[in-house]
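# Architecture at a glance
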Amino acid sequence: MLDVQDIHFAYRNRAILNDIAFDLKPGRILVILGPNGVGKTTLLKCLNAIQKPKAGSVLLDSENLLSLTPPQLAAKVGYVAQKSQTARLTVFDAVLMGRKPHMGWRVKDHDLAIVGETIARLGLEALSLRYLDELSGGELQKVSIARAFVQQPRLLLLDEPTSALDMRNQFELLSLLFSVVRERKTATVVTMHDLNTALRFADEFLLLKDGRVLARGAVEEISPKLIEATYDIPVSIHTIDGAPVVVPKPTETPTATRPTILAE
Amino acid sequence: MMLKACDTNLGGYALYIRRKALVIAVLLLALVPALIAALSLGAAAVPIKDVVLSLIGADAPRRSDIIVWSIRLPQAVAAMLAGAGLAVSGAAMQSVLRNPLGSPFTLGISHAAAFGAALSVMAVGAMEIPSAEGGAVAVYNPVAVTLSAFGFSLLAAALITLIARVRGASPEVMVLTGVALGSLFTAGTMFLQFFADDVQLAAMVFWTFGDTARATWRDIGLIAAVTLPVSIYFIAQCWNYNAIDAGDETAQGLGVRVERLRLVSMFAASLLTAVSISFLGIIGFVGLVVPHMVRRVIGADHRFLLPASLIGGALLLLVADTAARLVLSPNVLPVSVLTSFLGVPVFLWLILRGGRH
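Residues numbered from 1 in each chain as written. Chains lettered and ligands numbered in written order. Predicted model: local features only at pLDDT ≥ 70, side-chain atom pairs only at ≥ 80, totals over all residues. Heavy atoms only, no water.

Contacts between chain B and chain A engage 37 residues on the former and 42 residues on the latter. Taken over both partners, the interface formed by chain B and chain A buries close to 3200 Å², and the fraction arising from carbon and sulfur atoms is 62%. The tally of links between chain B and chain A comes to two salt bridges. One salt bridge connects Arg 303 of chain B with Asp 93 of chain A, and the closest N-O pair in it is separated by 2.8 Å. Linking chain B with chain A are nine residue pairs in polar contact (both at pLDDT 80 or more), by the criterion used here. Contributions of two or more residues to the side of chain B that touches chain A are made by α1 (2–40), α8 (217–236), α9 (238–245), α10 (248–253) and α12 (286–298) of chain B. At nine residues, the largest contribution of residues to the side of chain B that touches chain A is made by α1 of chain B. Here the side of chain B that touches chain A is composed, by residue class, of 17 nonpolar, 11 polar and nine charged. (Contact = heavy atoms within 4.5 Å. Buried area = accessible area lost by both parts, 1.4 Å probe. Salt bridge = Lys/Arg side-chain N within 4 Å of Asp/Glu carboxyl O. Polar contact = N/O pair within 3.5 Å; in protein donor to acceptor, adjacent residues only side chain to side chain. Helix = DSSP H or I, 4+ residues; strand = E, 2+ residues; numbered from the N terminus. Nonpolar A, V, L, I, M, F, W, Y, C, P; charged D, E, K, R; others polar.)

Structural data, given as structure tokens:
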């Protein structure tokens, strides 16, 4: 059980996050939503102490994560950064790195087996001996997620995990994430821009606005009003083939001018 | 089916790892003939048989014993130690500074050492009377010069560390500080050279030629005393360097104390460089080029890159040192002249050939 209490974060006296509090049960996915620059990534980084909050605590099974040493923390919390760098390292080695918090200097067969299985599960077998600097952005993103999976954390933090993936890969990866999280009972916090994907795969949402929690709850409870309050744009929410779809409804529609431009 | 895919996965990986281990083994084996050649070749050639006999302590001609143990072996061991130390420092620096130009030279360490040497030549060394047998080499007081060079390189390292601590140990801060310090110390050296007389000037310039023949067994012992623990530290951090290559945040997420690792590695690499250049003079390019060469062959996995750089650096400098003794025989070139002459074309070739990453 993740219990986040009163997180405050300031960057050189400029307050970014105030009074952030929420909880999350194991095996559930929480999506953090909010406009650009509201502090979604910062909040995620506060949860595993990459950024040190000014106040507040992050309790995972009643243990305060913020007072752990980095290696202790890494054994419990997995983090997938928004951007990662490439190196002349194979996919297999890059994923194997996720076992680092659990292994010593020597790699055990057990670690290799976990990595092999995860690579197969994410459909990366064909790439496993390719160098990272030869991969596409989407493939790289899959590698980062595979690394977090082999870390076998109890709390998984994902920052825009599918931003570089095409529709099919996005769908497949999130479905896989969904089942892995359920199966291992991992509490998962994810940031995302695509509202439709977020509402489809997450269990709960947290809306951030001006550094504060505007609302949180189960995704079924999200309303056009809340989304408008967060993003300052009127929307309607429809259900198409069982999936919730958010449609923006700007007051002035720009579509009317488009055909004229094309006709020129 | 899933299991099968996973098995071929692991099999392929095991093969791949074995290939890397093989490259390291080959490098290590190549050291043996390189060492024997280094001991045998030179103005006074020693037959290979006598070299081997002398090395294993068997009954070799007295002349060979003296040449091998008193002249060639210290020089060869100094070359191997310095090459290994410079190359492994370069590999570690390139990782923590996230910069392909990273090497302790980028950080102004060698400039600081040169300044330290020049300063001591001005202050103390030049008073020494040139001795009859030593010629130009004995113009300065080697102990004072070495100590001063070492002191100033440590000062440079300490300054960079200090500024990085205050400003945050980001690669940019460290590289920029290093470049700035490098040019400060270069200016200082030029200032001293401007006011030096011919003998002092000759001594200053002579010192900067990195030359492995300067090392005595005692010097070698001191170099080894630093090289060994620092190399072990670097290799012990191999997973952390791999993690840093994936990005600072990813590394932090994997439990790496990124800033601390960056500071300690930087300081350790500077120390390692400082100790070899203070005793031997400036040997450029090994620290920069060897890790790049090795990376082309076995990739950037630091579990293999660091040991391979260590051995590759030793091998390269040993071969270059032997070559420096032979190219203009009976004249002997300082090895530093040759490393750059050899290093630059090889380096450019690697860049051109490896255009697609």
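Having put the structure on the table, let's press on.
All right, on to helix α5 (residues 137–150) of chain A then. Taking 1.5 Å as the rise per residue, α5 of chain A with 14 residues should run 20 Å; its terminal C-alpha atoms sit 20 Å apart, in good agreement. Listed in full, the buried residues belonging to α5 of chain A are Gly 138, Leu 140, Gln 141, Lys 142, Val 143, Ser 144, Ile 145, Ala 146, Arg 147, Ala 148, Phe 149 and Val 150 of chain A. The secondary structure elements touched by the buried residues of α5 of chain A are β6 (77–80), α3 (91–96), α4 (109–121), β7 (155–159) and α6 (167–184) of chain A together with α10 of chain B. (Expected span 1.5 Å × (residues − 1). Buried < 20%, exposed > 50% of the residue type's maximum accessible area, 1.4 Å probe, protein only.)

Another aspect to go through is the environment of Ile 114 of chain A. Residue and element names in this part refer to chain A. Checked against the element boundaries, Ile 114 lands in helix α4. Take Ile 114: its relative accessible area is 10%, and that puts it in the buried class. Distance in space between the C-alpha atoms of Ile 114 and Asn 48 is 24 Å, their sequence separation being 66 residues. When near neighbours in sequence (up to four residues on either side) are disregarded, Ile 114 contacts Arg 99, Val 150 and Gln 152.

Take the packing of α12 of chain B against helix α14 (residues 335–353) of chain B next. All names here are of chain B. Relative orientation of the contacting elements α12 and α14 amounts to 35 degrees, with a least axis distance of 10 Å. α14 is crossed by α12, and the crossing has left-handed handedness. In this structure, α12 uses Val 286, Leu 288, Val 289, His 292, Met 293 and Arg 296 to contact α14, whose residues at the interface are Thr 339, Gly 343, Val 346, Phe 347, Leu 350 and Ile 351. Residues of the contact of α12 with α14, tallied by class, amount to eight nonpolar, three polar and one charged. (Axes fitted to C-alpha atoms, helices over the stretch in contact; angles between N-to-C directions. Left-handed = near helix turned anticlockwise from the far one by under 90°.)

As a further point, take the pairing of strand β2 (residues 14–24) of chain A. Residues and elements named next belong to chain A. As paired elements, strand β1 (residues 2–11) and β2 share seven bridges and run antiparallel to each other. The residue of β2 that forms the bridge with Leu 2 is Leu 24. The hairpin formed by β1 and β2 contains two residues between the paired strands, and Arg 12 there has a positive phi angle of roughly 45 degrees. (Pairing = 2+ DSSP bridges.)

Now for helix α13 (residues 302–326) of chain B. Under the 1.5 Å per step criterion, the end-to-end length of α13 of chain B is 35 Å for 25 residues, consistent within 8% with the ideal 36 Å. With 20 of its 25 residues buried, α13 of chain B lies for the most part within the structure.

Scanning all chains against the criterion turns up 18 salt bridges over all chains. The salt bridge involving Asp 219 of chain B is made with Arg 218 of chain B; its shortest N-O contact spans 3.4 Å. Assessed through its relative accessible area of 8%, Asp 219 of chain B is described here as buried. Note that Arg 303 of chain B and Asp 301 of chain B form a salt bridge whose closest N and O atoms lie 2.8 Å from each other. On the basis of relative accessibility, which here comes to 16%, the residue Arg 303 of chain B falls in the buried class. One salt-bridge network, in which partners are shared between bridges, spans Asp 93 of chain A together with Asp 301 and Arg 303 of chain B.

The residues that UniProt annotates with the feature "domain: ABC transporter" (unreviewed entry) are residues 2–235 of chain A. Helix makes up 34% of residues 2–235 of chain A and strand makes up 26%, while its end C-alpha atoms are separated by 32 Å. (UniProt positions renumbered as here; feature names shortened; annotations may be inferred.)

Another aspect to go through is the environment of Ala 58 of chain B. All names here are of chain B. When you line up the elements, Ala 58 lands in the loop between α2 (48–55) and α3 (62–96). A residue is classified by how much of its surface remains accessible, and Ala 58, at 29% relative accessible area, is partly exposed. Between the alpha carbons of Ala 58 and Pro 171 there is a distance of 53 Å; along the sequence they are 113 residues apart.

Counted according to the given criterion, the structure contains 11 aromatic pairs over all chains. Ring geometry for Phe 115 of chain B and Phe 185 of chain B: centres 5.7 Å apart, planes at 45 degrees, overall tilted. Within this pair, whereas Phe 115 of chain B is found in helix α4 (residues 109–123), its partner Phe 185 of chain B is found in helix α6 (residues 171–195), the two being separated by 70 residues in sequence. The burial state of Phe 115 of chain B is the same as that of Phe 185 of chain B; both residues are buried. On the basis of an interplanar angle of 85 degrees and a centroid distance of 5.2 Å, the ring pair of Phe 194 of chain B and Phe 195 of chain B is categorised as edge-to-face. Classification of Phe 194 of chain B as exposed rests on a relative accessible area of 67%. Cluster of aromatic residues (ring-pair linked, three or more members): Phe 92 of chain A together with Tyr 13 and Tyr 16 of chain B. (Phe/Tyr/Trp six-rings, centres within 6.5 Å; stacked < 30°, edge-to-face > 60°.)

Residues and elements named next belong to chain A. Ordered in space as β2-β1-β4-β5, the four strands form an open sheet in which the pairing is antiparallel. Where the open sheet ends on each side, the last strands, each with one partner, are β2 and β5 (63–64). As paired strands, strand β4 (residues 55–60) and β5 are joined by two bridges and run antiparallel to one another. Residue pairing in the sheet places Leu 60 in a bridge with Glu 63 of β5. Of the strands in this sheet, β1, β2 and β4 are in contact with helix α1 (residues 40–47), which crosses β2 at around 60 degrees.

Now for the packing of helix α5 (residues 142–167) of chain B against helix α11 (residues 258–280) of chain B. All names here are of chain B. In contact at an axis separation of 9 Å, α5 and α11 are set at 165 degrees when each is read in the N-to-C sense. Viewed along their axes, α5 and α11 adopt a mutual orientation that is roughly antiparallel. The chirality of how α5 crosses α11 is right-handed. In this structure, α5 uses Thr 146, Ala 149, Phe 150, Ser 153, Leu 154, Ala 157, Ala 158, Ile 160, Thr 161, Ala 164 and Arg 165 to contact α11, whose residues at the interface are Leu 263, Met 266, Phe 267, Ser 270, Leu 271, Ala 274, Val 275, Ser 278 and Phe 279. (Parallel < 35°, antiparallel > 145°, perpendicular 65-115°, else oblique.)

What follows deals with the sheet that holds strand β10 (residues 212–218) of chain A. Strands belonging to one sheet form pairs held by backbone hydrogen bonds; the direction of such a pair is parallel or antiparallel. Residues and elements named next belong to chain A. Read across the open sheet, the six strands follow the order β6-β7-β8-β3-β9-β10; overall the sheet is mixed. Edge positions in the sheet fall to β6 and β10, since each has one partner strand and no second. Looking at each pair of strands side by side, their axes are set apart by 15 degrees on average, direction ignored. For β6 and β7, the ladder comprises four bridges, and the chain directions are parallel. Among the inter-strand pairings, Val 80 is bridged to a residue of β7, identified as Leu 158.

Before going further, it helps to spend a moment on the UniProt feature "transmembrane region" (unreviewed entry) in chain B. Per the UniProt annotation, the sites labelled "transmembrane region" (unreviewed entry) are residues 21–46, 66–93, 105–127, 139–163, 175–196, 267–290, 302–320 and 332–352 of chain B. Measuring from the first to the last C-alpha atom of residues 267–290 of chain B gives 20 Å, for a span that is 79% helix and 0% strand.

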